[in-house]
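# Coordinates in review
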Amino acid sequence: MEDALFWAAAQDGIYCAKSGYQFLQEKVSRSSPSSSSAPTLSEAQWCLFWKSPAFPRCKQLAWRVWVGAVPVRHSLRRRGLDIDPCCAICGVEEETLDHLFLRCEVVRATWFGTELGVRIDDGVSFHAFMGQVLQTRDKEVVAAVQTVLCAIWEARNKVVFEGYEFRWRNVVSRFQSLVCPFDPGAGTTRDAGDRRAHTTRWRRPPRGRVKMNIDAATNQSKIAGFGCVARDYNGDILAAASLFPTVVLSATLGEALSLRWAMVLATQLGFRRVQFETDSLLLHRAWKKRRGSSILFTVIAYCFNLMHLFDYVDLSFVRREGNSAADFMARNASSLSNVVWVEEGPPGLTAILNSDVLASVPS
Ligand SMILES: [Zn+2]
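This structure is a prediction, so every number in the text was calculated from the model and none was measured. (Residues numbered from 1 in each chain as written. Predicted model: local features only at pLDDT ≥ 70, side-chain atom pairs only at ≥ 80, totals over all residues. Heavy atoms only, no water.)

## Points about the pattern of salt bridges
Stated formally: The working definition used for a salt bridge is a side-chain nitrogen of Lys or Arg within 4 Å of a carboxyl oxygen of Asp or Glu. Secondary structure counts use DSSP, requiring at least four H or I residues in a row for a helix and at least two E residues in a row for a strand, with both numbered from the N terminus. We call a residue buried when its accessible area falls under 20% of the maximum for its residue type, exposed when it is over 50%, and partly exposed in between, using a 1.4 Å probe and counting protein chains only.
Evaluated as defined, the whole model comprises 12 salt bridges. Where R272 meets D311, a salt bridge forms, and the shortest distance between an N and an O atom there is 3.1 Å. Of this pair, R272 sits in the loop between helix 11 (251-268) and strand 4 (273-278) while D311 is found in the loop between helix 13 (295-305) and strand 5 (312-317), placing the two residues 39 residues apart along the sequence. Classification of R272 by relative accessible area gives partly exposed; the value is 44%. Here D314 and K288 are joined by a salt bridge, their closest N and O atoms 3.9 Å apart. Here the residue D314 occupies a position in strand 5, and K288 occupies one in helix 12 (residues 281-289), the gap between them amounting to 26 residues. Judged by relative accessible area, D314 falls into the partly exposed class, the value being 21%.

## Remarks on the side chain of Q146
Just so we agree on the cut-off: Contacts: residue pairs with any heavy atoms within 4.5 Å of one another.
By the secondary structure assignment, Q146 is in helix 8 (residues 139-162). If we skip the residues at most four places from it in the chain, Q146 touches F49, S52, A54, C58, K59, A62 and M130.

## Here's the deal with a positive patch on the surface
Our working definition: A residue counts toward a patch only above 30% relative accessible area and without a salt bridge, and it is joined to like-charged neighbours within 9 Å or, for Val, Leu, Ile, Met, Phe, Trp and Tyr, to nonpolar neighbours within 5 Å. All accessible-area figures derive from a Shrake-Rupley calculation using a 1.4 Å probe, and residue coverage is judged against the displayed protein chains alone. Positive charge is attributed to Lys and Arg, negative charge to Asp and Glu, and no charge count is given to His or to the chain ends. By convention, the charge on Lys lies at NZ, on Arg at CZ, on Asp at CG and on Glu at CD.
A surface patch of positive charge is lined by K18, K51, K139 and R285. On the secondary structure map, K18 appears in helix 1 (residues 17-31). When its relative accessible area of 62% is taken as the criterion, K18 is described as exposed.

Structure follows, in structure tokens:
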């Protein structure tokens, strides 16, 4: 392929002032000695962070917590203010970002009391926690977390400036009032509900076609495991494979590279009519769009170049629940040692295959 230039800080590879500003903000916050050393997030993670359906001020607050720019007492003391460093809520431990937003006892109760039902582990740092949240790749989860953070900060300020008591039930109610506009259960039309059910479960391919589910599991060090499972119209397994490790620039790029890998593998297995299936909406959109100016599209272009090796090929989208088999192969790629299983799969996969078959109606 010919070389091309892309602006790495934007999802589409095209420079705009907003992404330039965000890029500089991150650079400043990284180099500023007074801020905490926030780990860098991938382009896809920032995209998820800023495009979540939370209120802008919740996202901004979450971002300020991420870069260490929220004036908790520990930070204020480090800047030379002579104040009590103890947590405004419990009065026992030092008010650091990790303590105030996660570890303080009443705050833990708050997290658990929300619809998220999160149990905060003892030693967890805010950065590790937020990293896990972003790994869900679920906009609504990210939005809910950003909103809880905002509700905690509001309640903490009421304690400090208005003498209120911090009650976790009140914070949870406040969270619920802020979260309402993007509650998936509220305000969705019946159509959207139907479409959701439609793409949630794995479905069998039509007779004569192979369905190959693909997935990539990318960890925080940007090391990805790839997985794929091929099945026929009966739901019987034709092949399963995994590949580990591949270094990727972003999770979406990992998904695209797993498609390229699966396409090559499908030709080696002699599959001529293949329906590939991904749970990455971004990859599916890029496939439909076909042309674009980002590094993602160079991989898509490579995949399209392989199309002449097939009689039929397409890429469909299914929600994560319907892609469990490929997800299993990708997540366990490091221990499955790059074996291609023909007409069977590794132990542990059978249960997933069975539940997919039972849940799918022949089409
Ligand atoms: Zn506390």
